[in-house]
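Examination of the molecular architecture
If you want the building blocks of each chain, they are given just below.
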Amino acid sequence: MTVSVNGGEARFEVAEGDTLLRAALRAGVALPYECGVGACGCCRCEVTQGQVEVLWAEAPGLSERDRRKGRQLACQCRPLGDVDLTLRLDPRGTAPTPPRRQAATLRAVRPLTHDLREFVFQTEAPATFEPGQYAFLGLPGLVRERAYSMANLANAAGEWHFGVRRVPGGEASNALFDTLRPGDSVALDGPYGMAWLRPDVPRDIVCIAGGSGLAPMLSVARGAAATLLRDGPRRLDFFYGGRTPADLCGQAELAALGVDGDRLRYHAAVSDAAAATAAGWTGAVGPIHALVEQTLGAALAEREVYLAGPPGMVEAVLTLLQVTHRIPPERIHFDRFF
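Notes on the structure follow. Computed from a predicted model, the values in this text were never measured in an experiment.

Moving on, we get to the overall build of the chain. Counting secondary structure elements, the chain contains 9 helices and 19 strands. In terms of overall size, the chain behaves like a compact globule, its C-alpha atoms giving a radius of gyration of 20 Å where 338 residues would be expected to give roughly 20 Å. Once the C-alpha set of the chain is aligned to its principal axes, its extents read approximately 60 × 45 × 40 Å. Here the chain, with 338 residues, has 53% of them falling under the buried criterion. Within the chain, counting contacts between residues at least 6 apart in sequence, those at least 24 apart form 71% of the total. Carbon and sulfur atoms form 50% of the exposed surface of the chain, whose accessible area is close to 14900 Å².

A few words on the sheet that holds strand β1 (residues 2-5). An order of β2-β1-β7-β3-β5 is seen for the 5 strands of this open sheet, with the pairing classed as mixed. The sheet is open, and its two edges are formed by β2 (10-13) and β5 (71-73), each paired on a single side. Strand after strand, the sheet turns through a mean of 35° between neighbouring axes, direction not considered. Relative to strand β7 (residues 83-86), strand β3 (residues 44-49) is paired through 3 bridges, and the arrangement is antiparallel. Note on β7: the bridge partner recorded for Gln49 is Asp84.

In spatial order, the strands read β11-β10-β13-β8-β9-β12; together these 6 strands make up an open sheet with antiparallel pairing. Edge strands, defined here as strands with exactly one partner in the open sheet, are β11 (146-149) and β12 (159-165). Across the sheet, the mean angle separating the axes of adjacent strands is 40° when strand polarity is ignored. Sheet analysis places strand β10 (residues 134-138) next to strand β13 (residues 185-192), joined by 4 bridges and oriented antiparallel. Among the inter-strand pairings, Tyr134 is bridged to a residue of β13, identified as Tyr192.

The element strand β16 (residues 264-270) is extensively covered by neighbouring structure, given that 5 of its 7 residues are classed as buried. Pairing of strand β15 (residues 236-242) with β16, which is carried by 7 bridges, proceeds in the parallel orientation. Residue pairing across strands places Gly242 opposite Val270, the latter belonging to β16. Here 2 bridges tie β16 to strand β17 (residues 284-285), and the two strands are oriented parallel to one another. Within β17, the position partnered with Ala269 by the bridge is Ala284.

This part takes up the packing of aromatic side chains. In this structure the tally under the stated criterion is 8 aromatic pairs. With a centroid separation of 6.4 Å and an interplanar angle of 90°, the aromatic rings of Tyr33 and Tyr192 are classed as edge-to-face. Taken together, the residues span a long stretch of sequence, with Tyr33 in the loop between α1 (20-26) and β3 and Tyr192 in strand β13 at a distance of 159 residues. On the basis of relative accessibility, which here comes to 8%, the residue Tyr33 falls in the buried class.

What follows deals with the packing of helix α8 (residues 288-296) against helix α9 (residues 311-324). Between α8 and α9, the shortest axis-to-axis distance is 9 Å and the interhelical angle comes to 30°. In terms of axis orientation, α8 runs roughly parallel to α9. In the crossing of α8 with α9, the sense of the turn from one axis to the other is right-handed. For the pair α8 and α9, contact is made by Ile288, His289, Val292 and Glu293 and by Met313, Ala316, Val317 and Leu320, respectively. Across the contact of α8 with α9, the residue classes tally to 6 nonpolar, 1 polar and 1 charged.

For the rest of this paragraph, the subject is the nonpolar core. Core analysis: the biggest nonpolar cluster contains 34 residues, and Val3, Phe12, Leu31 and Tyr33 have the highest contact counts within it. Where this core is concerned, the elements lending two or more residues are β1, β2, α1, β7 and β10. Here this core gets 5 residues from one element, more than from any other, and that element is α1. Excluding its chain neighbours within four sequence positions, the residues that come into contact with Val3 are Ala10, Arg11, Phe12, Val14, Leu20, Val83 and Leu85. Of all hydrophobic cores here, the second largest spans 28 residues; its members include Leu197, Cys207, Ala268 and Ala276.

Let us look at α9. The first and last C-alpha atoms of α9 sit 19 Å apart over 14 residues, in line with the 20 Å expected at 1.5 Å per residue. Among the residues making up α9, those that are buried are Met313, Val314, Val317, Leu318, Leu320 and Leu321. Each buried residue of α9 lies within a common arc of 160° when the element is viewed along its axis, so the set occupies one face. The outward face of α9, more than 90 degrees from its buried face, is lined by the exposed residues Gly312 and Val323. Where α9 is buried, its residues contact β14 (205-210), α8, β18 (304-308) and β19 (332-333). In the segment just after α9, Arg326 is the residue with positive phi, at about 55°.

Mapped onto the fold, Arg222 is located in helix α4 (residues 214-226). The charged side chain of Arg222 is buried without a salt bridge, its nearest counter-charge being Glu118 at 4.7 Å. Residues contacting Arg222, with those up to four places away along its chain left out, are Ala151, Asn152, Leu153, Glu253 and Leu257.

Conventions used here
Sequence order sets the numbering: in each chain, residues are counted from 1 along the sequence as written. Where totals are concerned, whole chains, interfaces and linings use all residues; where local detail is concerned, this predicted model gives features only for residues with pLDDT of at least 70, and gives and counts side-chain atom pairs only at 80 or more. As a rule here, side-chain values come from all non-hydrogen atoms in the structure, and water together with hydrogens is ignored. Numbering of helices and strands runs from the N terminus; a helix is a DSSP stretch of H or I covering at least four residues, while a strand is a stretch of E covering at least two. Atoms counted for the radius of gyration: C-alpha only. Globule rule: 2.2 Å times residue count to the power 0.38. Working definition: with a 1.4 Å probe on protein chains only, accessible area under 20% of the residue-type maximum means buried, over 50% means exposed, and in between means partly exposed. Whether two residues are in contact is decided by their heavy atoms, any of which lying within 4.5 Å being enough. Residue exposure ignores everything except the shown protein chains as possible cover, and the areas themselves are Shrake-Rupley values with a 1.4 Å probe. Between any two strands, at least two bridges found by DSSP are needed for them to pair. Lines fitted to C-alpha atoms define the axes here, with helix axes fitted over just the stretch in contact, and angles between the N-to-C directions of these axes take values from 0 to 180 degrees. We call Phe, Tyr and Trp rings a pair once their centres come within 6.5 Å, taking the six-membered ring for Trp, and we label the pair stacked below 30 degrees between planes, edge-to-face above 60, and tilted otherwise. The labels follow the angle: roughly parallel below 35 degrees, roughly antiparallel above 145, roughly perpendicular from 65 to 115, and oblique for the rest. Handedness of a helix crossing follows the sense of rotation of the near helix relative to the far helix, less than a right angle counterclockwise being left-handed and clockwise being right-handed. All residues other than Ala, Val, Leu, Ile, Met, Phe, Trp, Tyr, Cys, Pro, Asp, Glu, Lys and Arg, Gly among them, are scored as polar; the first ten of these are nonpolar and the last four charged. The set of buried Ala, Val, Leu, Ile, Met, Phe, Trp, Tyr and Cys residues whose side-chain atoms join them within 4.5 Å is what this entry labels a nonpolar core. To estimate how far a helix should extend, the number of its residues minus one is multiplied by 1.5 Å. In this description, the arc belongs to the directions extending from the helix axis to the C-beta atoms. The charged-residue count follows a simple rule in which Lys and Arg add positive charge and Asp and Glu add negative charge, with His and chain termini not counted at all. In the sections that follow, a salt bridge refers to a side-chain nitrogen of Lys or Arg positioned within 4 Å of a carboxyl oxygen of Asp or Glu.

Here's what the structure looks like:
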C-alpha cells in the first residue's frame, strides 16, 4: 500500500498492520507527532483519497470540531489500500534513527521504589536510539501497544531499560508487574519521540521529572554525562518530584555516572507535606516546578530544558518556562502523553 502526502510532496509504503504514522517514520518521512498513541493530536491529517481503518475512534487527540471536519490521527489509522493525505510535514522533527519492529526478551526486573521498576529487555540487534526516546511494547493480553521510555543509552548488546510505574487498575503496568517473567518475549517497536538530547546545543541542561518520567530524563542525563559534561564546561541540574519521600529515586543512578558534583546536581521535592513530616523529610516540600524556580530562577532563560512526568506536572512546568521566563519552544523538549 502506498501513501502520498500533499499531492506527492512525499510518498511511503505501509506494511501490513502498520499505522500511517509509524510507516512514515520508518521511511524517513517527517510526519509531525509527539505521543504516537492518540493523545496529543500533533499528527492530525485529512484523508483526501482512499480508506483507512480507525483504531481508536474516541482518541482524545481529536476535538469534536476535528471529527466534524473528518480529520484523522495518523497514529490511529491503518490504510485499507492506497491513500492520499494532507498535513503539514516538519523535517526538523525527524529523529536520527528510524524505528523498527523486533522481538524483545525480558532479562531482568529491578525495583526502584515501592511502585516503580526497571524492566530490562534484550533484542538480537543492537539497541539504537537517542537519549530521551521511547518505544512501544506489545504486552500479553492487551489489544493496543503501550509506550515506555528508555532509561539507558544505545548499546551494541541490544539492551533496552524501561522505567515503569504501577498504575492502579492499569492493564499495561499490571501485565508487566504481574504477568511477564524473565524469558518471556514481547514485540518492541522503536525508537520514537522528539524529546531526545540535542548534543550540538551549547547551553547548560535542566532535566525535570516525576513518576516514570525518571526513565527518559535519566537517559538524557546519561547521554550528557558520557559526552557533554566531560568535554566542556557545561552543567546539568536534575529535578525529581514525588508525592512522598518513598517515591523519590534517581540520585544513586546519577552519582554512579562519575561526574563532578558541581556539574551534575540532583534536586528533589515532596509534594505531600503531611507525608514529608511523618517521614522526617528535611528537603524541599511542594511541587517540583516551585523547586526549579527557587533553585534556578532567572538562570532558566539560559538553559536547554528536558521534562517528562504526569500531565499536571508537565503543564505546571510549561507555564513556568513559557509564561514566566518566556523560554522559546524550541529549547523545551518533552513528549506529551495525556
